[in-house]
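# A closer look at the structure
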Amino acid sequence: MLSIGIVIVSILAAAYLIFKKYYAPGALLFVGLVTLAVVAVISPEPLITGKKATHLAGLDVFQIFTNLLQTRTAGLGMNIMAIAGFTYYMDKIGASGALVRLSVKPLKMIKAPYIVMVLGFALSLVLNVFIPSAAGLALLLMVSLYPVMVMGGISRQSAAATILAGGCCCFGPSGGNNLLAAELTKMHVMDFFLNVQWSVGWAAVIAMLIAHFFIQRWFDKRDLAKGILTKEDFEVPQLTKEDSKAINAPLWYAFFPLIPVILLFVFSPLVYKGIRMEVVTALLVSTFISLFCDGLRRMNLKESIGTLKTFAEGMGKVFTSTVFLIVCAEVFAAGLTKSGGISEIINSVSGMQAGGYAVFTVMFLIVVGSAFVMGSGNAAFFSFAPMIPDIASKVGLNAAFMMSPLQLTSGMARSSSPIAGVTIAVAGLSGLNPFDLIRRTIPVMVIAIVVTYLRSLMLL
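None of the values given here were measured: they were computed from a predicted structure.

## A short note on the overall build of the protein
- Secondary structure assignment for the protein yields 23 helices and 0 strands.
- The C-alpha radius of gyration computed for the protein amounts to 23 Å, which stays within 12% of the reference 23 Å derived for 460 residues, consistent with globular compactness.
- Summarising its shape, the C-alpha atoms of the protein cover approximately 70 × 60 × 40 Å along the three principal directions.
- Looking at the 460 residues of the protein, the share that counts as buried comes to 55%.

Pasting the structure below:
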(Lines give C-alpha, C1' and ligand atoms only; values in the text may rest on other atoms or scores of the structure.)
Protein backbone atom coordinates (compact mmCIF):
# COMPACT_ATOMS: atom_id res chain seq x y z
CA MET A 1 0.00 0.00 0.00
CA LEU A 2 2.93 2.36 0.64
CA SER A 3 3.98 2.18 -3.02
CA ILE A 4 0.44 2.97 -4.21
CA GLY A 5 0.36 5.87 -1.77
CA ILE A 6 3.60 7.24 -3.27
CA VAL A 7 2.07 7.07 -6.77
CA ILE A 8 -1.11 8.87 -5.70
CA VAL A 9 0.75 11.59 -3.79
CA SER A 10 3.19 12.12 -6.68
CA ILE A 11 0.42 12.48 -9.26
CA LEU A 12 -1.56 14.87 -7.05
CA ALA A 13 1.55 16.93 -6.28
CA ALA A 14 2.50 17.29 -9.95
CA ALA A 15 -1.06 18.17 -10.96
CA TYR A 16 -1.32 20.75 -8.17
CA LEU A 17 1.94 22.47 -9.10
CA ILE A 18 1.04 22.68 -12.79
CA PHE A 19 -2.50 23.86 -12.01
CA LYS A 20 -0.93 26.64 -9.92
CA LYS A 21 1.01 27.65 -13.05
CA TYR A 22 4.42 26.35 -11.97
CA TYR A 23 6.74 25.76 -14.92
CA ALA A 24 5.39 22.38 -16.11
CA PRO A 25 8.69 20.62 -16.98
CA GLY A 26 10.23 21.87 -13.74
CA ALA A 27 7.25 20.70 -11.69
CA LEU A 28 7.35 17.20 -13.22
CA LEU A 29 11.13 17.01 -12.82
CA PHE A 30 10.99 18.19 -9.21
CA VAL A 31 8.27 15.71 -8.22
CA GLY A 32 9.99 12.93 -10.16
CA LEU A 33 13.37 13.48 -8.49
CA VAL A 34 11.78 13.69 -5.04
CA THR A 35 9.86 10.47 -5.71
CA LEU A 36 13.03 8.72 -6.88
CA ALA A 37 14.88 9.96 -3.79
CA VAL A 38 12.13 8.56 -1.53
CA VAL A 39 12.27 5.23 -3.37
CA ALA A 40 16.08 5.17 -3.06
CA VAL A 41 15.76 5.57 0.70
CA ILE A 42 13.03 2.99 1.35
CA SER A 43 13.86 0.36 -1.30
CA PRO A 44 16.62 -2.23 -0.85
CA GLU A 45 17.00 -2.45 -4.65
CA PRO A 46 19.24 0.06 -6.50
CA LEU A 47 17.54 2.49 -8.87
CA ILE A 48 19.98 1.64 -11.69
CA THR A 49 21.93 -1.51 -12.45
CA GLY A 50 24.53 -2.24 -15.10
CA LYS A 51 27.08 0.02 -16.79
CA LYS A 52 25.18 3.26 -16.21
CA ALA A 53 24.85 2.81 -12.45
CA THR A 54 26.84 5.25 -10.25
CA HIS A 55 26.83 2.82 -7.27
CA LEU A 56 25.61 5.64 -5.01
CA ALA A 57 21.86 5.89 -4.44
CA GLY A 58 21.81 9.68 -4.30
CA LEU A 59 23.67 10.02 -7.59
CA ASP A 60 21.52 7.36 -9.26
CA VAL A 61 18.54 9.69 -8.83
CA PHE A 62 20.23 12.24 -11.10
CA GLN A 63 21.79 9.60 -13.34
CA ILE A 64 18.30 8.55 -14.41
CA PHE A 65 17.73 12.13 -15.55
CA THR A 66 21.10 12.11 -17.34
CA ASN A 67 20.38 8.84 -19.15
CA LEU A 68 16.97 10.01 -20.35
CA LEU A 69 18.32 13.39 -21.45
CA GLN A 70 21.06 11.75 -23.53
CA THR A 71 18.73 9.19 -25.11
CA ARG A 72 15.77 11.43 -25.89
CA THR A 73 17.72 14.43 -27.17
CA ALA A 74 19.62 12.36 -29.71
CA GLY A 75 16.62 10.36 -30.97
CA LEU A 76 13.05 11.47 -30.46
CA GLY A 77 14.14 14.96 -29.42
CA MET A 78 15.97 15.54 -32.70
CA ASN A 79 12.87 14.52 -34.67
CA ILE A 80 10.68 16.93 -32.71
CA MET A 81 13.19 19.77 -32.99
CA ALA A 82 13.48 19.27 -36.75
CA ILE A 83 9.68 19.33 -37.07
CA ALA A 84 9.56 22.56 -35.07
CA GLY A 85 12.31 24.10 -37.17
CA PHE A 86 10.40 23.23 -40.34
CA THR A 87 7.15 24.58 -38.87
CA TYR A 88 8.77 27.88 -37.90
CA TYR A 89 10.39 28.10 -41.34
CA MET A 90 7.05 27.50 -43.06
CA ASP A 91 5.54 30.30 -40.99
CA LYS A 92 8.48 32.61 -41.75
CA ILE A 93 8.17 32.32 -45.53
CA GLY A 94 4.35 32.46 -45.39
CA ALA A 95 3.71 28.87 -46.50
CA SER A 96 1.57 27.96 -43.48
CA GLY A 97 -0.57 31.04 -43.98
CA ALA A 98 -0.92 30.23 -47.69
CA LEU A 99 -2.09 26.71 -46.86
CA VAL A 100 -4.74 28.03 -44.48
CA ARG A 101 -5.88 30.78 -46.88
CA LEU A 102 -6.20 28.33 -49.75
CA SER A 103 -8.09 25.84 -47.59
CA VAL A 104 -10.56 28.44 -46.28
CA LYS A 105 -11.45 29.88 -49.72
CA PRO A 106 -14.16 27.31 -50.65
CA LEU A 107 -15.99 27.90 -47.35
CA LYS A 108 -16.81 31.48 -48.37
CA MET A 109 -19.13 30.16 -51.10
CA ILE A 110 -21.34 28.16 -48.71
CA LYS A 111 -24.36 30.01 -47.30
CA ALA A 112 -25.42 27.59 -44.50
CA PRO A 113 -23.64 29.01 -41.39
CA TYR A 114 -23.49 25.90 -39.22
CA ILE A 115 -22.47 23.73 -42.16
CA VAL A 116 -19.59 26.17 -42.71
CA MET A 117 -18.76 25.84 -39.02
CA VAL A 118 -18.61 22.03 -39.16
CA LEU A 119 -16.59 22.09 -42.38
CA GLY A 120 -14.25 24.59 -40.71
CA PHE A 121 -13.88 22.18 -37.79
CA ALA A 122 -13.08 19.32 -40.18
CA LEU A 123 -10.63 21.54 -42.03
CA SER A 124 -8.86 22.38 -38.76
CA LEU A 125 -8.41 18.67 -38.01
CA VAL A 126 -6.89 18.14 -41.47
CA LEU A 127 -4.62 21.18 -41.24
CA ASN A 128 -3.38 19.96 -37.85
CA VAL A 129 -1.70 17.07 -39.69
CA PHE A 130 0.56 19.58 -41.45
CA ILE A 131 0.68 22.27 -38.72
CA PRO A 132 1.19 20.19 -35.55
CA SER A 133 1.10 23.02 -33.03
CA ALA A 134 -2.45 23.48 -31.71
CA ALA A 135 -1.73 27.04 -30.58
CA GLY A 136 0.10 27.91 -33.82
CA LEU A 137 -2.71 26.55 -35.96
CA ALA A 138 -5.30 28.38 -33.86
CA LEU A 139 -3.54 31.71 -34.35
CA LEU A 140 -3.51 31.21 -38.14
CA LEU A 141 -7.17 30.22 -38.17
CA MET A 142 -8.17 33.20 -36.03
CA VAL A 143 -7.13 35.58 -38.82
CA SER A 144 -8.57 33.48 -41.67
CA LEU A 145 -11.30 30.97 -40.77
CA TYR A 146 -12.72 32.85 -37.75
CA PRO A 147 -13.99 35.89 -39.73
CA VAL A 148 -15.44 33.59 -42.42
CA MET A 149 -17.48 31.65 -39.85
CA VAL A 150 -18.76 34.74 -38.02
CA MET A 151 -19.64 36.59 -41.21
CA GLY A 152 -21.48 33.42 -42.27
CA GLY A 153 -23.95 33.85 -39.42
CA ILE A 154 -22.72 32.06 -36.27
CA SER A 155 -21.68 33.68 -33.00
CA ARG A 156 -18.13 34.62 -32.07
CA GLN A 157 -18.42 32.06 -29.26
CA SER A 158 -19.24 29.21 -31.66
CA ALA A 159 -16.52 30.26 -34.09
CA ALA A 160 -13.86 30.56 -31.38
CA ALA A 161 -14.92 27.20 -29.87
CA THR A 162 -14.54 25.61 -33.32
CA ILE A 163 -10.97 26.84 -33.60
CA LEU A 164 -10.15 25.85 -30.01
CA ALA A 165 -11.38 22.31 -30.69
CA GLY A 166 -9.68 22.12 -34.10
CA GLY A 167 -6.34 20.90 -32.77
CA CYS A 168 -7.76 18.45 -30.25
CA CYS A 169 -6.75 15.16 -31.90
CA CYS A 170 -3.17 15.92 -32.98
CA PHE A 171 -3.52 13.60 -35.97
CA GLY A 172 -0.59 12.91 -38.24
CA PRO A 173 3.09 12.00 -38.15
CA SER A 174 4.38 15.40 -37.02
CA GLY A 175 3.19 15.79 -33.44
CA GLY A 176 5.45 15.08 -30.47
CA ASN A 177 2.87 12.75 -28.94
CA ASN A 178 2.68 10.70 -32.12
CA LEU A 179 6.45 10.45 -32.49
CA LEU A 180 6.78 9.27 -28.89
CA ALA A 181 3.98 6.72 -29.32
CA ALA A 182 5.51 5.38 -32.54
CA GLU A 183 8.93 5.07 -30.90
CA LEU A 184 7.60 3.34 -27.78
CA THR A 185 5.62 0.84 -29.87
CA LYS A 186 8.52 0.39 -32.33
CA MET A 187 6.40 1.35 -35.33
CA HIS A 188 7.03 3.58 -38.34
CA VAL A 189 5.33 6.89 -37.61
CA MET A 190 3.14 6.70 -40.76
CA ASP A 191 2.15 3.14 -39.91
CA PHE A 192 1.15 4.28 -36.43
CA PHE A 193 -0.80 7.24 -37.81
CA LEU A 194 -2.77 5.37 -40.49
CA ASN A 195 -3.20 1.90 -38.99
CA VAL A 196 -3.49 2.72 -35.29
CA GLN A 197 -4.29 6.37 -34.60
CA TRP A 198 -6.78 6.74 -37.42
CA SER A 199 -8.33 3.31 -36.68
CA VAL A 200 -9.16 4.59 -33.21
CA GLY A 201 -9.85 8.22 -34.05
CA TRP A 202 -12.23 8.13 -37.02
CA ALA A 203 -15.22 7.32 -34.82
CA ALA A 204 -14.42 10.23 -32.49
CA VAL A 205 -14.10 12.60 -35.47
CA ILE A 206 -17.56 11.69 -36.79
CA ALA A 207 -19.06 12.01 -33.31
CA MET A 208 -17.38 15.40 -32.76
CA LEU A 209 -18.53 16.86 -36.06
CA ILE A 210 -22.14 15.84 -35.48
CA ALA A 211 -22.15 16.88 -31.81
CA HIS A 212 -20.46 20.20 -32.57
CA PHE A 213 -23.15 21.12 -35.11
CA PHE A 214 -26.06 20.57 -32.73
CA ILE A 215 -24.38 21.80 -29.53
CA GLN A 216 -23.15 25.12 -30.93
CA ARG A 217 -26.45 25.80 -32.71
CA TRP A 218 -28.31 25.06 -29.46
CA PHE A 219 -26.02 27.36 -27.47
CA ASP A 220 -26.46 30.19 -29.98
CA LYS A 221 -30.26 29.91 -30.05
CA ARG A 222 -30.61 29.57 -26.28
CA ASP A 223 -28.15 32.34 -25.36
CA LEU A 224 -29.64 34.70 -27.95
CA ALA A 225 -33.16 34.07 -26.62
CA LYS A 226 -32.00 34.67 -23.02
CA GLY A 227 -30.15 37.86 -23.91
CA ILE A 228 -26.76 36.34 -23.06
CA LEU A 229 -25.77 36.95 -26.68
CA THR A 230 -26.49 40.16 -28.57
CA LYS A 231 -26.21 41.20 -32.22
CA GLU A 232 -22.63 42.28 -31.50
CA ASP A 233 -21.73 38.65 -30.82
CA PHE A 234 -22.55 37.86 -34.44
CA GLU A 235 -20.20 40.51 -35.80
CA VAL A 236 -16.45 40.17 -36.37
CA PRO A 237 -14.45 42.42 -34.00
CA GLN A 238 -11.62 44.39 -35.58
CA LEU A 239 -8.36 42.57 -34.98
CA THR A 240 -5.29 44.62 -34.17
CA LYS A 241 -2.60 44.98 -36.81
CA GLU A 242 -0.35 42.72 -34.75
CA ASP A 243 -3.00 40.01 -34.67
CA SER A 244 -3.97 40.25 -38.31
CA LYS A 245 -0.58 40.66 -39.95
CA ALA A 246 0.41 37.83 -42.27
CA ILE A 247 3.07 37.34 -44.90
CA ASN A 248 1.40 37.66 -48.29
CA ALA A 249 3.04 34.63 -49.87
CA PRO A 250 1.71 33.18 -53.14
CA LEU A 251 -0.94 30.50 -52.74
CA TRP A 252 1.29 27.89 -54.41
CA TYR A 253 3.44 28.06 -51.26
CA ALA A 254 0.63 26.00 -49.67
CA PHE A 255 2.29 22.92 -51.19
CA PHE A 256 5.45 23.26 -49.07
CA PRO A 257 4.00 22.11 -45.69
CA LEU A 258 2.64 18.99 -47.42
CA ILE A 259 6.01 17.78 -48.72
CA PRO A 260 7.28 15.99 -45.54
CA VAL A 261 4.05 14.03 -45.09
CA ILE A 262 4.08 13.01 -48.76
CA LEU A 263 7.71 11.85 -48.51
CA LEU A 264 7.12 9.92 -45.29
CA PHE A 265 4.04 8.27 -46.76
CA VAL A 266 5.62 7.29 -50.10
CA PHE A 267 8.90 6.04 -48.60
CA SER A 268 7.31 3.97 -45.83
CA PRO A 269 6.42 0.27 -45.41
CA LEU A 270 2.91 1.21 -46.52
CA VAL A 271 3.96 2.16 -50.08
CA TYR A 272 7.62 1.63 -51.01
CA LYS A 273 10.16 -0.11 -48.79
CA GLY A 274 13.10 0.23 -51.16
CA ILE A 275 14.07 3.66 -49.82
CA ARG A 276 14.30 4.35 -46.08
CA MET A 277 13.16 7.85 -45.19
CA GLU A 278 13.69 9.16 -41.67
CA VAL A 279 11.61 12.00 -40.27
CA VAL A 280 14.55 14.41 -40.02
CA THR A 281 15.70 13.60 -43.56
CA ALA A 282 12.20 14.23 -44.94
CA LEU A 283 12.09 17.58 -43.16
CA LEU A 284 15.53 18.66 -44.37
CA VAL A 285 14.73 17.69 -47.97
CA SER A 286 11.43 19.56 -47.72
CA THR A 287 13.13 22.62 -46.25
CA PHE A 288 15.68 22.85 -49.03
CA ILE A 289 13.08 22.32 -51.76
CA SER A 290 11.12 25.18 -50.20
CA LEU A 291 14.28 27.27 -49.82
CA PHE A 292 15.17 26.76 -53.49
CA CYS A 293 11.69 27.73 -54.69
CA ASP A 294 11.51 30.68 -52.30
CA GLY A 295 14.93 31.84 -53.47
CA LEU A 296 13.87 31.74 -57.12
CA ARG A 297 10.81 33.86 -56.33
CA ARG A 298 12.70 36.40 -54.22
CA MET A 299 15.70 36.55 -56.59
CA ASN A 300 17.71 37.39 -53.48
CA LEU A 301 19.99 34.55 -52.36
CA LYS A 302 21.19 36.30 -49.21
CA GLU A 303 17.67 37.04 -47.97
CA SER A 304 16.42 33.55 -48.80
CA ILE A 305 19.32 31.77 -47.04
CA GLY A 306 18.85 34.13 -44.08
CA THR A 307 15.40 32.65 -43.46
CA LEU A 308 17.12 29.41 -42.39
CA LYS A 309 17.92 31.16 -39.12
CA THR A 310 14.24 30.67 -38.27
CA PHE A 311 14.68 26.90 -38.69
CA ALA A 312 17.47 26.88 -36.09
CA GLU A 313 15.53 29.17 -33.75
CA GLY A 314 12.50 26.89 -33.98
CA MET A 315 14.62 23.90 -33.01
CA GLY A 316 15.92 25.75 -29.96
CA LYS A 317 12.50 26.93 -28.87
CA VAL A 318 10.92 23.50 -29.03
CA PHE A 319 13.77 21.98 -27.02
CA THR A 320 12.74 24.16 -24.08
CA SER A 321 9.00 23.71 -24.61
CA THR A 322 8.65 20.07 -25.67
CA VAL A 323 11.85 17.98 -25.63
CA PHE A 324 12.80 19.07 -22.13
CA LEU A 325 9.19 18.46 -21.09
CA ILE A 326 9.37 14.89 -22.44
CA VAL A 327 12.53 14.16 -20.47
CA CYS A 328 11.15 15.70 -17.26
CA ALA A 329 7.89 13.79 -17.70
CA GLU A 330 9.84 10.55 -18.13
CA VAL A 331 11.76 11.26 -14.92
CA PHE A 332 8.36 11.69 -13.26
CA ALA A 333 7.18 8.41 -14.84
CA ALA A 334 10.37 6.68 -13.71
CA GLY A 335 9.63 7.74 -10.14
CA LEU A 336 6.13 6.25 -10.33
CA THR A 337 7.44 3.05 -11.90
CA LYS A 338 10.40 2.58 -9.53
CA SER A 339 8.11 3.02 -6.53
CA GLY A 340 6.41 -0.26 -7.42
CA GLY A 341 3.00 1.33 -7.06
CA ILE A 342 2.13 1.02 -10.74
CA SER A 343 2.98 -2.70 -10.71
CA GLU A 344 0.94 -3.18 -7.54
CA ILE A 345 -2.07 -1.46 -9.12
CA ILE A 346 -1.71 -3.56 -12.28
CA ASN A 347 -1.39 -6.81 -10.33
CA SER A 348 -4.42 -6.04 -8.18
CA VAL A 349 -6.60 -4.92 -11.09
CA SER A 350 -5.45 -7.61 -13.54
CA GLY A 351 -6.77 -10.25 -11.14
CA MET A 352 -10.29 -9.08 -11.92
CA GLN A 353 -12.39 -10.82 -14.55
CA ALA A 354 -11.80 -7.99 -17.01
CA GLY A 355 -8.35 -7.15 -15.64
CA GLY A 356 -6.71 -5.80 -18.80
CA TYR A 357 -9.65 -3.56 -19.61
CA ALA A 358 -9.77 -2.34 -16.02
CA VAL A 359 -6.10 -1.34 -16.19
CA PHE A 360 -6.72 0.46 -19.48
CA THR A 361 -9.71 2.28 -17.97
CA VAL A 362 -7.65 3.44 -14.98
CA MET A 363 -4.85 4.75 -17.22
CA PHE A 364 -7.38 6.35 -19.55
CA LEU A 365 -9.06 8.28 -16.73
CA ILE A 366 -5.73 9.33 -15.21
CA VAL A 367 -4.48 10.80 -18.50
CA VAL A 368 -7.78 12.57 -19.24
CA GLY A 369 -7.94 14.04 -15.73
CA SER A 370 -4.27 15.06 -15.78
CA ALA A 371 -4.55 16.80 -19.17
CA PHE A 372 -7.60 18.77 -18.04
CA VAL A 373 -6.05 19.85 -14.73
CA MET A 374 -2.61 20.57 -16.20
CA GLY A 375 -3.94 22.30 -19.33
CA SER A 376 -1.36 20.34 -21.31
CA GLY A 377 -1.97 17.22 -23.36
CA ASN A 378 1.77 16.77 -23.79
CA ALA A 379 2.56 16.87 -20.07
CA ALA A 380 -0.13 14.30 -19.30
CA PHE A 381 0.70 11.94 -22.16
CA PHE A 382 4.48 12.18 -21.80
CA SER A 383 4.15 11.38 -18.10
CA PHE A 384 2.37 8.07 -18.55
CA ALA A 385 3.11 6.86 -22.10
CA PRO A 386 6.50 5.28 -21.22
CA MET A 387 4.72 2.88 -18.86
CA ILE A 388 2.26 1.59 -21.46
CA PRO A 389 4.38 -1.04 -23.29
CA ASP A 390 5.22 -2.87 -20.04
CA ILE A 391 1.66 -2.54 -18.73
CA ALA A 392 0.22 -3.83 -22.01
CA SER A 393 2.50 -6.88 -22.02
CA LYS A 394 1.58 -7.73 -18.43
CA VAL A 395 -2.17 -7.59 -19.01
CA GLY A 396 -2.15 -9.03 -22.53
CA LEU A 397 -3.28 -5.95 -24.46
CA ASN A 398 -1.99 -4.37 -27.67
CA ALA A 399 0.36 -1.56 -26.63
CA ALA A 400 -0.27 0.59 -29.72
CA PHE A 401 -4.05 0.44 -29.41
CA MET A 402 -3.74 1.09 -25.69
CA MET A 403 -1.50 4.12 -26.25
CA SER A 404 -3.30 5.80 -29.14
CA PRO A 405 -6.55 6.57 -27.25
CA LEU A 406 -4.51 8.06 -24.42
CA GLN A 407 -2.75 10.33 -26.93
CA LEU A 408 -6.02 11.33 -28.60
CA THR A 409 -7.93 12.03 -25.40
CA SER A 410 -5.07 13.97 -23.83
CA GLY A 411 -5.57 16.53 -26.62
CA MET A 412 -9.34 16.45 -26.20
CA ALA A 413 -9.09 17.08 -22.46
CA ARG A 414 -6.63 19.93 -23.11
CA SER A 415 -9.18 21.55 -25.44
CA SER A 416 -11.60 21.52 -22.50
CA SER A 417 -9.19 23.16 -20.04
CA PRO A 418 -9.49 26.88 -19.19
CA ILE A 419 -5.75 27.13 -18.47
CA ALA A 420 -4.48 25.53 -21.70
CA GLY A 421 -2.27 27.81 -23.78
CA VAL A 422 -4.45 27.41 -26.87
CA THR A 423 -7.58 28.28 -24.86
CA ILE A 424 -6.01 31.47 -23.54
CA ALA A 425 -4.70 32.43 -27.01
CA VAL A 426 -8.07 31.97 -28.74
CA ALA A 427 -9.92 33.71 -25.90
CA GLY A 428 -7.54 36.67 -26.09
CA LEU A 429 -7.89 37.12 -29.86
CA SER A 430 -11.67 36.71 -29.82
CA GLY A 431 -12.13 38.98 -26.80
CA LEU A 432 -13.97 36.24 -24.89
CA ASN A 433 -13.62 34.72 -21.45
CA PRO A 434 -11.85 31.30 -21.50
CA PHE A 435 -14.75 29.84 -19.51
CA ASP A 436 -17.20 31.01 -22.21
CA LEU A 437 -15.20 28.91 -24.66
CA ILE A 438 -14.78 25.73 -22.67
CA ARG A 439 -18.45 25.52 -21.74
CA ARG A 440 -18.97 25.07 -25.49
CA THR A 441 -16.07 22.67 -26.08
CA ILE A 442 -16.52 20.47 -22.99
CA PRO A 443 -19.76 18.76 -24.16
CA VAL A 444 -18.22 18.04 -27.57
CA MET A 445 -14.97 16.76 -26.09
CA VAL A 446 -16.77 14.58 -23.51
CA ILE A 447 -18.70 12.89 -26.32
CA ALA A 448 -15.46 12.42 -28.28
CA ILE A 449 -13.65 11.00 -25.24
CA VAL A 450 -16.44 8.50 -24.54
CA VAL A 451 -16.54 7.41 -28.20
CA THR A 452 -12.74 7.05 -28.25
CA TYR A 453 -12.88 4.89 -25.13
CA LEU A 454 -15.62 2.64 -26.54
CA ARG A 455 -13.86 2.35 -29.91
CA SER A 456 -10.62 1.43 -28.13
CA LEU A 457 -12.32 -1.42 -26.26
CA MET A 458 -13.23 -2.93 -29.64
CA LEU A 459 -9.60 -2.90 -30.80
CA LEU A 460 -7.59 -3.84 -27.67
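## As for the packing of helix α9 (residues 156–165) against helix α23 (residues 434–459)
- Axis separation between α9 and α23 bottoms out at 9 Å; the angle between their running directions is 55°. Taken together, α9 and α23 sit at an angle that is classed as oblique. Where α9 crosses over α23, the handedness of that crossing is right-handed. Listed contacts from α23 to Gln-157, Ser-158, Ala-160, Ala-161, Leu-164 and Ala-165 of α9 are Leu-437, Arg-440, Thr-441 and Met-445.
- Of the residues in the contact of α9 with α23, the class split is 6 nonpolar, 3 polar and 1 charged.

## With respect to a nonpolar patch on the surface
- Together, Phe-255, Ile-262, Phe-265, Val-266, Leu-270, Val-271, Tyr-272 and Ile-275 make up an exposed nonpolar region whose accessible area comes to about 660 Å².
- When you line up the elements, Leu-270 lands in the loop between α13 (259–266) and α14 (279–298).
- Note on Leu-270: relative accessible area 33%, which makes it partly exposed.

## Observations concerning the confidence of the model for the protein
- Averaged over all residues, the pLDDT of the protein equals 84, while 95% of them reach at least 70.
- Contacts of residues 240–245 to residues separated by more than four positions or lying in other chains number 4 contacts, the stretch itself having pLDDT below 50.

## What to know about the environment of Pro-46
- Within the fold, Pro-46 resides in the loop between α2 (24–42) and α3 (57–74).
- On the accessibility criterion, Pro-46 (48% relative accessible area) is partly exposed.
- Between the C-alpha atoms of Pro-46 and Ala-57, which are 11 residues apart in sequence, the distance is 6.7 Å.

## Concerning the side chain of Asp-294
- Tracing the backbone shows Asp-294 in helix α14.
- When residues no more than four places from it in sequence are discounted, the contact partners of Asp-294 are Tyr-89, Ile-93, Tyr-253 and Ser-304.

## A closer look at the nonpolar core
- Counting 155 residues, the largest nonpolar core has Leu-28, Met-208, Met-402 and Met-412 as the members making the most contacts within it.
- Not counting chain neighbours up to four residues away, the residues in contact with Met-412 comprise Cys-168, Cys-169, Ala-204, Met-445, Ala-448, Ile-449 and Thr-452.

## Points about empty space enclosed by the protein
- Tallying each qualifying case throughout the model produces 2 cavities of 30 Å³ or more.
- By volume, the largest cavity amounts to about 60 Å³.
- Together, Ile-83, Phe-86, Thr-87, Val-129, Phe-130, Pro-132, Ser-174, Pro-257, Pro-260, Val-261 and Leu-283 line the largest cavity.
- Where the lining of the largest cavity is concerned, the elements lending two or more residues are α4 (76–93), α6 (113–130) and α13.
- Take the lining of the largest cavity: its biggest share by element is 3 residues, from α4.
- Partitioning the lining of the largest cavity into residue classes produces 9 nonpolar, 2 polar and no charged.

## Focus: the environment of Phe-192
- By the element assignment, Phe-192 lies in helix α11 (residues 189–226).
- Sequence separation between Phe-192 and Pro-173 is 19 residues; the distance between their C-alpha atoms is 8.1 Å.
- In contact with Phe-192, not counting residues within four places along its chain, are Asn-178, Ala-181, Ala-182, Thr-185, Met-187, Gln-197, Ala-400 and Ser-404.

## Notes on α9
- Among the 10 residues of α9, 10 are classified as buried, and the element is accordingly described as predominantly covered.
- Taken together, the buried positions of α9 are Arg-156, Gln-157, Ser-158, Ala-159, Ala-160, Ala-161, Thr-162, Ile-163, Leu-164 and Ala-165.
- The inward-facing, buried residues of α9 abut α6, α7 (134–142), α8 (145–152), α11, α22 (421–430) and α23.

## A word on the packing of aromatic side chains
- Inspection of the entire model under this criterion finds 13 aromatic pairs.
- Seen in terms of ring centroids, Trp-252 and Phe-256 are 5.8 Å apart; in terms of plane orientation they differ by 85°. Their pairing is edge-to-face.
- You can call Trp-252 partly exposed: its relative accessible area is 45%.
- Judged by centre distance (4.9 Å) and plane angle (50°), the ring pair of Tyr-253 and Phe-256 falls under tilted. By the burial criterion, Tyr-253 is buried, and Phe-256 matches it.
- Counting every residue linked through ring pairs, the aromatic cluster contains Tyr-114, Phe-213 and Phe-214.

## Considering α23
- Here α23 contains 26 residues, and its C-alpha end-to-end distance of 36 Å stays within 8% of the 38 Å for a straight helix at 1.5 Å per residue.
- The sharpest bend along α23 measures roughly 30° and falls at Thr-441, with the proline Pro-443 sitting one to four residues further on.

## What to know about the pattern of salt bridges
- Taken as a whole and assessed by the stated rule, the structure comprises 9 salt bridges.
- For the salt bridge of Asp-223 with Arg-439, the shortest nitrogen-to-oxygen distance reads 2.6 Å. Taken together, the positions of Asp-223 in helix α11 and Arg-439 in helix α23 put the pair 216 residues apart, joining distant regions of the chain.

## What about the state of the cysteines?
- Taken as a whole, this structure holds 0 disulfides when the rule is applied.
- The structure places no disulfide on Cys-168, whose sulfur is separated from the nearest cysteine sulfur, that of Cys-169, by 3.7 Å.

Parameters and conventions
Residues numbered from 1 in each chain as written. Predicted model: local features only at pLDDT ≥ 70, side-chain atom pairs only at ≥ 80, totals over all residues. Heavy atoms only, no water. Helix = DSSP H or I, 4+ residues; strand = E, 2+ residues; numbered from the N terminus. Rg over C-alpha atoms; globule rule 2.2 N^0.38 Å. Buried < 20%, exposed > 50% of the residue type's maximum accessible area, 1.4 Å probe, protein only. Axes fitted to C-alpha atoms, helices over the stretch in contact; angles between N-to-C directions. Parallel < 35°, antiparallel > 145°, perpendicular 65-115°, else oblique. Left-handed = near helix turned anticlockwise from the far one by under 90°. Contact = heavy atoms within 4.5 Å. Nonpolar A, V, L, I, M, F, W, Y, C, P; charged D, E, K, R; others polar. Patch = residues over 30% accessible without salt bridge, like charges linked within 9 Å, V, L, I, M, F, W, Y side chains within 5 Å. Areas by Shrake-Rupley, 256 points an atom, 1.4 Å probe, with all protein chains shown as cover. Salt bridge = Lys/Arg side-chain N within 4 Å of Asp/Glu carboxyl O. pLDDT = per-residue confidence, 0-100. Core = buried A, V, L, I, M, F, W, Y, C linked by side-chain atoms within 4.5 Å. 1 Å grid on protein atoms, 1.4 Å probe; cavity = no way out; pocket = protein on both sides within 12 Å on 5 of 7 lines; lining within 4 Å. Points joined across faces, edges and corners; volume = space filled by probe spheres on them. Phe/Tyr/Trp six-rings, centres within 6.5 Å; stacked < 30°, edge-to-face > 60°. Expected span 1.5 Å × (residues − 1). Bend = angle between axes of the 7 residues up to and from the residue. Disulfide = S-S within 2.5 Å.

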